Structure formats: structure tokens, C-alpha cells
Amino acid sequence: YGGRISSVMDITTRDGKSNRFAGKVYASPFTTKLVLEGPLKKPKKPGDGSITYVLTGKRSYLAESSKLFYSYIDTAGLPFNYTDLYGKISFNGKNGSKFNLFGFNFTDQVNYQAVSDLKWNSYGVGSNFILVPGSSPVLIEGKFSFSDYKISLLEENLQERTSSVGGFNLGFDFKYFIKDSELKYGIEVSGFSTDYT
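Everything in this summary refers to the structure shown in the same document. (Residues numbered from 1 in each chain as written. Predicted model: local features only at pLDDT ≥ 70, side-chain atom pairs only at ≥ 80, totals over all residues. Heavy atoms only, no water.)

Comments concerning the overall build of the protein
What counts, and what does not: Secondary structure follows DSSP: runs of H or I at least 4 residues long count as helices, runs of E at least 2 residues long count as strands, and numbering of each begins at the N terminus. Only C-alpha atoms enter the radius of gyration, while the globule expectation follows 2.2 Å times N to the 0.38, with N the number of residues. Whether a residue is buried, partly exposed or exposed follows from its accessible area with a 1.4 Å probe, protein chains only, as a fraction of its type maximum: under 20%, in between, or over 50%, in that order.
Looking only at helices and strands, one finds one helix and nine strands in the protein. The C-alpha radius of gyration of the protein comes to 22 Å, more than 25% above the 16 Å expected for a compact globule of 197 residues. Principal axes of the C-alpha set define a box for the protein whose edges measure 70 × 40 × 25 Å. Per-residue burial for the protein yields a buried fraction of 25% across its 197 residues.

Structure (C-alpha cells):
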């Protein structure tokens, strides 16, 4: 929302499979990926509540494989590495109520030997929920999230330099249904901090 210059993205991730375990594995000369998903509690019949999970991971090993594939560039290998991890647990109720917990950790690194070591890391945790009261025309939604992004540069014969941005978000929305219309209102609190050394 807000255009390509300065925007806010609203990204929704899918839930894990509620009826069976599943997974995917991907490998190439430069990276591996793994996705695991399934039920922690299966629904006994259609429409019942369930608990599901999704776990994903991605890892680069370009620094190692490039010694073989790109030895003509540098026999010590290319200096790039990353590791990305994400997990989500979803609690689904019978009447449409839902509660999610999620977290992520993304780490990247460029290590120019004997010159500099550049690292950046972002991580976050959060939850959201939808509450559907049985006899009320009101739908209640809520969310909480915290994330942090840090970058550091270590150069030979210099002190380490770092920069970070952290933030949190807390909100509640109420949606009231009136015949063919709806009234939505809520409150949101957010904050952030920056640090530069």
C-alpha cells in the first residue's frame, strides 16, 4: 500500500497441511532448501479444529562449491553465504477462530579475506489471531510482531561498525456486520528504534 517509492507490504503465509505430513527438498551446486509441514493435531472430522506447522530452511554453500566451479576466479572460493529459517504454528478452531505463532531468522555474510567481513541479520517473532464469537455479529482480529535488522562491517585495522533498526507492532481490529454492510474500527500501536555505532 502506498506506491513503489515508500510502501507497506501485507504478506500472509499459508498454514501447514492439516491432514498429512509433507516435505520438499531442493539442492543445487550453490544452495539447498527444505520445507516440512503437517499436523500436530489432525481434525477428527471435516470442520473440526486442528494444529499445524510449517518449517522452512535455505542454506548457501557457494563459498565451498565455488572452489570447484569457479576456481578460475578465485581458488579460495567466492565469499558469499546465507542461511534463512522460518517457522509457523497455526491453531484452528471449529467455528473459524484462529491463532498463529511465527518466527524467522535470516543471516547473510560476505567475507573478503584479509580485507573486510560484512554481515547482516534480520529476525522476528509474532502472532496474530481471529476470534469468531458464536452468537455475536462482531469479528475480532489482533496482531503482535517484533523484528530487528542489524548490519556490521569489520575491516582490517579498524573498529567494527554496526547499524540496526528494530520495531514492534501491536493492534486490534473489530469488524461489525450490519446486514449487507460492515463497520471496521481498531487501534494500532507501533514503535521502532535505531542504533548506529
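Considering the packing of aromatic side chains
Condition: Here a pair means two rings of Phe, Tyr or Trp (six-membered ring of Trp) with centres within 6.5 Å. Their orientation is stacked below 30 degrees between planes, edge-to-face above 60, and tilted elsewhere. In our convention, an over-ring charge means Lys NZ or Arg CZ found within 6 Å of a ring centre and within 35 degrees of that ring's normal.
Evaluated as defined, the whole model comprises five aromatic pairs. When the centroid spacing of 6.3 Å and the interplanar angle of 55° are considered together, the rings of Tyr123 and Phe146 count as tilted. Placement of the pair is Tyr123 in strand E6 (residues 116-131) and Phe146 in strand E7 (residues 138-155), with a sequence separation of 23 residues. The ring of Tyr26 is capped by Lys33, whose NZ or CZ atom sits 5.1 Å from the centre of that ring.

Here's the deal with a nonpolar patch on the surface
Formally: Think of a patch as exposed residues, more than 30% relative accessible area, with no salt bridge, where like charges cluster within 9 Å and nonpolar side chains (Val, Leu, Ile, Met, Phe, Trp, Tyr) cluster within 5 Å. Under the convention used here, a 1.4 Å probe and the Shrake-Rupley method define accessible areas, while residue burial counts only the protein chains that appear. Each reported salt bridge corresponds to a side-chain nitrogen of Lys or Arg within 4 Å of a carboxyl oxygen of Asp or Glu.
On the surface, a nonpolar cluster with roughly 740 Å² of combined accessible area is contributed by Tyr123, Val125, Phe144, Phe146, Phe168, Leu170, Phe172, Ile187 and Val189. Elements that contribute at least two residues to the nonpolar patch include exactly E6, E7, strand E8 (161-178) and strand E9 (181-196). Per-element tally for the nonpolar patch: the top contributor is E8, with three residues. With respect to the secondary-structure elements, Leu170 resides in strand E8. The partly exposed category is assigned to Leu170, whose relative accessible area is 34%.

Re the pairing of strand E1 (residues 22-27)
The cut-off we apply is this: Pairing between strands is defined by DSSP: at least two bridges between the two strands are required.
Bridge analysis of E1 against strand E2 (residues 31-41) gives six bridges, and the strand direction is antiparallel. Within E2, the residue paired with Ala27 across the bridge is Thr32. Counted along the chain from E1 to the antiparallel partner E2, the turn is three residues long.

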